[in-house]
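# Inside the fold
These are the residues of each chain, in order.
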Amino acid sequence: MDRQAQFRARETLIFQVAEQLLLENGEAGMTLDALAAELDLAKGTLYKHFQSKDELYMLLIIRNERMLLEMIQDTDKAFPEHLAFFMLHHLHHPERTVLFHQIEERLSTTGVGIQQLFNELYQIRKQRLRLIIRMTESYLASIQSSMPVRDYLASIWSLTHGAAAILNSSFYQRYLGSRDTLRVAYIDQALALPKKFSSVEQCA
């Protein structure tokens, strides 16, 4: 393996371990000292891959966003499958969804020297959104729903992130019962929304 390949492999491992530590211990427990110790690397080696903890957080968020983009680029899947994969990506790891959203919101106002990374994140997100909009337009037309694309996508986002917040809540977890059943129920709700919208509109 050449040096560049070794660098990329080490970076992938750093991101994987950093995300694991972040999800297990929260922001307060995810220190660069702990990360270096977990990887058995010198702390200085970490700085070859990022310059600060804020930059590391942004790189983790971008990595997650690229994963979502790759999922939506799978043209073999129909819209319902894409919706299910998107929601399950968040609902199988609700702690990641909640934490990444909180960190991104915080860094958007307090982060230093990471504007270029925000630009990169937004470009990936815009690319993904363009694909989602086209796919959603085709799906709504195929089921003859009059629900606006904007309203449907906003509803899916709200339903998914609300469900992630509940699944991640230490209080509500004791009342949830089967998580798998709940995840399926949320997906079913999301798929039923445009059909219900059309029915309500016809009755109005």
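Preceding block: the structure.
### Some points on helix α5 (residues 79-91)
Between its first and last C-alpha atoms α5 spans 18 Å; for 13 residues at 1.5 Å apiece the expected length is 18 Å, and the two agree. Restricting attention to buried positions, one finds in α5 the residues F79, H82, L83, A84, F86, M87, H89, H90 and L91.

### Quick notes on the packing of aromatic side chains
In the structure shown here, the tally under the stated rule is five aromatic pairs. Geometrically, the ring pair formed by F79 and Y152 is tilted, given 6.0 Å between the ring centres and 35° between the ring planes. Linking F79 in helix α5 with Y152 in helix α8 (residues 149-168), this pair joins segments that are 73 residues apart in sequence. Grouping residues by exposure puts F79 and Y152 together as buried. Ring pairing ties together the aromatic residues F79, Y139 and Y152, which thus form one cluster.

### With respect to helix α7 (residues 115-142)
Look at α7: 40 Å from first C-alpha to last across 28 residues, which is about the 40 Å you get at 1.5 Å a residue. Those residues of α7 not exposed but buried are L117, F118, L121, I124, R128, I132, T136, Y139 and L140.

### Some remarks on the packing of α5 against α7
In the contact formed by α5 and α7, the axes pass within 10 Å of each other and the chain directions differ by 135°. Here α7 runs oblique to α5, going by the angle between their axes. Pair α5 / α7 crosses with left-handed handedness. Taking contact as the criterion, the partners of F79, P80, H82 and F86 in α5 are, on α7, R128, M135, T136 and Y139. Looking at the contact of α5 with α7 residue by residue, the classes come out as five nonpolar, two polar and one charged.

### Overview of the environment of E95
Mapped onto the elements, E95 comes out in helix α6 (residues 94-110). Overall, E95 belongs to the partly exposed group, its relative accessible area being 27%. On a C-alpha basis, the gap between E95 and Q116 in space is 26 Å, while along the polypeptide they are 21 residues apart. For E95, the residues in contact, after removing those within four places along its chain, are L23 and N168.

About the thresholds
- Residues numbered from 1 in each chain as written.
- Predicted model: local features only at pLDDT ≥ 70, side-chain atom pairs only at ≥ 80, totals over all residues.
- Heavy atoms only, no water.
- Helix = DSSP H or I, 4+ residues; strand = E, 2+ residues; numbered from the N terminus.
- Expected span 1.5 Å × (residues − 1).
- Buried < 20%, exposed > 50% of the residue type's maximum accessible area, 1.4 Å probe, protein only.
- Phe/Tyr/Trp six-rings, centres within 6.5 Å; stacked < 30°, edge-to-face > 60°.
- Axes fitted to C-alpha atoms, helices over the stretch in contact; angles between N-to-C directions.
- Parallel < 35°, antiparallel > 145°, perpendicular 65-115°, else oblique.
- Left-handed = near helix turned anticlockwise from the far one by under 90°.
- Contact = heavy atoms within 4.5 Å.
- Nonpolar A, V, L, I, M, F, W, Y, C, P; charged D, E, K, R; others polar.

Any functional reading would require information that these geometric values do not contain.
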